[in-house]
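Observations on the three-dimensional arrangement
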Amino acid sequence: MMNLKPRLRLTEFSKAPQYTPYKFDDIFVFSSGKNIKQKEASPEFNTPCVRYGELYHMYGEVITKTINRTNLDHSELTFSYGNEILLPSAGEDPFDIGSASALILKDVAIGRTINVLRPKGDIDYSHVYVSYYINEKLRKRISKLARGASISNVYNSDLKTLKANLPEISEQKKIASFLSKIDEKIGLLSEKKDKLTEYKRGVMQQLFSGEWKVENGKLAFVPPTLRFKADDGSEFPDWEEKTLKSVFSILNGFAFKSTDSRTNGTRWLKIADVGVEKISNKNISFLPKDYLEKYKKFALKKGDVVVALTRPVLNDQLKIAFVDDSSDGALLNQRVGKLNTKECLIYVYYLAQCKRVVSSIVQNIAGTDPPNLAPTDINHIKVTLPSLVEQKKIANFLSAIDQKIALTNSELEKAKEWKKGSLQQMFV
């Protein structure tokens, strides 16, 4: 007989009966929504609605508030009772169509191409619990039910063949509440991270806005809209206008060969490893150990700054990062540059990310395929540079914000891992 006990169970239910298997066809009444075209949906309209594409891009396991609204007449719509489970019935990726969301709001218009599961009557269940269950235990299976080539479809008749193993309703509600609280924490941390990131973007625009202008026939320094003072309260001197060539240089990496690759040894820092403000450790490559001495000119140490020289800009952000513990002692591959400067390196790291510099880089790489940045291409870009003391003030201020963002992101990732671990162990 199949063991229908989960590996992790809330203490108060440790002696509760095994989970019971139910056929979807015995639990649910199946239906679909009605068409709401893209032009008929906008946050500015009056009637809250959910459209199918939003299910796998904008919503999680539980819909607590809607993103869109429609202006269609109510007679043309299908409305929720607040007890539905919604699944997109079509998608470009078969895995998308196993994405379930419990709708806990009444009077929400449900769009077409959505499979709608409602209670059939006899079997008591928590639709929030079942939504988590489908996403964790049935998503892969639903993707295999998909039909079609370019667009995958799953119909209600396919979903009727599925089964769910459910504990008693009191345990379902307890687990659903537990998981919802984790999601609430994830949502709050995500919001906090977004606000900190937006705040940093805003202050960077103000900190790097200083420039020299002709005013009343005279060249004058227009200070940045946000500026620090010296520790004794005095004003810092005017910034100097310089070209990037005089601020920093870029050392291009070495063209190691694919035949140099080893399964372990010295880390090989490639262009794919350099992201926006982070080094990726997803696909680490290695070179022979003795290469570290042989090519020591290209060796990196923690705290160095590296920049991608091919496709250097992603979503208007420069792919630039500090060398961290994981890449300390790595060797620099070609098309990855290392910044050298006599100025404050941390300041230069932020300067390279300011809107003015990134826009100039985008202009320089326009028309090249792939977009390549030569280390000397940006030598001519003019910037204004504060004194070294002021550079350090700015660098410390921005570093403190980055530390808060990193701390929040760490808490966010832990919460996501906690949820993932709970989901894997609480369902059968």
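Residues numbered from 1 in each chain as written. Predicted model: local features only at pLDDT ≥ 70, side-chain atom pairs only at ≥ 80, totals over all residues. Heavy atoms only, no water.

**Description of the layout of surface pockets**
Picture a little ball the size of a water molecule; that probe, rolled over the atoms, points out where space is still empty. Quantified by volume, the largest pocket comes out at close to 1,500 Å³. Listing elements by their share of the lining of the largest pocket, those giving two or more residues are α5 (169-207), β19 (274-275), β20 (278-279), β24 (317-318), β25 (320-322), α7 (345-351), α8 (355-365) and α9 (388-426). Of the residues in the lining of the largest pocket, the class split is 18 nonpolar, 14 polar and 13 charged. In this structure, the second largest pocket occupies an estimated 810 Å³ of space. Considering the residues around the second largest pocket, the lining is formed by 26 residues, among which Gly60, Val62, Asp183, Glu184 and Gly187 are closest to the centre. For the lining of the second largest pocket, the elements supplying multiple residues, two or more each, are β4 (62-63), α3 (127-144), α5 and α9. Examining the composition of the lining of the second largest pocket, we find that eight residues originate from one element, α5, more than from any other. Its residues assigned to classes, the lining of the second largest pocket shows eleven nonpolar, six polar and nine charged. (1 Å grid on protein atoms, 1.4 Å probe; cavity = no way out; pocket = protein on both sides within 12 Å on 5 of 7 lines; lining within 4 Å. Points joined across faces, edges and corners; volume = space filled by probe spheres on them. Helix = DSSP H or I, 4+ residues; strand = E, 2+ residues; numbered from the N terminus. Nonpolar A, V, L, I, M, F, W, Y, C, P; charged D, E, K, R; others polar.)

**So, the sheet that holds strand β6 (residues 79-81)**
Taken together, the four strands give an open sheet; going across it, the order is β5-β3-β10-β6, and neighbouring strands pair in mixed fashion. Of all the strands in the sheet, just β5 (68-70) and β6 have a single pairing partner and so form its edges. For this sheet the average axis-to-axis angle between neighbouring strands, irrespective of direction, equals 55°. With three bridges connecting them, strand β3 (residues 47-50) and β5 associate as antiparallel partners. Residue pairing for β5: threonine 47 is matched across the bridge by threonine 70. (Pairing = 2+ DSSP bridges. Axes fitted to C-alpha atoms, helices over the stretch in contact; angles between N-to-C directions.)

**Overview of the nonpolar core**
Among the nonpolar cores identified, the biggest contains 41 residues, and Phe24, Phe28, Ile85, Tyr129 and Ile134 are the most heavily contacted of them. When residues of this core are traced back to their parent elements, those giving at least two are α1 (24-27), β2 (28-32), β7 (84-88), α3, β13 (163-166), α5 and α9. Contacts of phenylalanine 28, omitting those with residues within four sequence positions, involve Ile85, Leu117, Arg118, Lys120, Tyr125 and Val130. Counting 39 residues, the second-largest nonpolar core is a separate cluster that includes Phe208, Ile250, Val358 and Leu398. (Core = buried A, V, L, I, M, F, W, Y, C linked by side-chain atoms within 4.5 Å. Buried < 20%, exposed > 50% of the residue type's maximum accessible area, 1.4 Å probe, protein only. Contact = heavy atoms within 4.5 Å.)

**Some thoughts on the sheet that holds β25**
Within a beta sheet, neighbouring strands are joined by backbone hydrogen bonds and run either parallel or antiparallel to one another. Taken together, the four strands give an open sheet; going across it, the order is β17-β27-β22-β25, and neighbouring strands pair in antiparallel fashion. Looking along the sheet, the strands with just one partner apiece sit at the ends: β17 (249-252) and β25. For this sheet, the mean inter-axis angle between neighbouring strands, taken without regard to orientation, is 35°.

**A word on the environment of leucine 55**
As for its placement among the helices and strands, leucine 55 is situated in helix α2 (residues 52-55). By relative accessible area, which is 0% here, leucine 55 ends up buried. When the C-alpha atoms of leucine 55 and aspartate 96 are compared, they prove to be 8.7 Å apart, with 41 residues separating the residues in sequence. Other than its neighbours up to four places away in sequence, leucine 55 contacts Val50, Ile63, Leu86, Leu87, Pro88, Ser99, Ser101 and Ile114.

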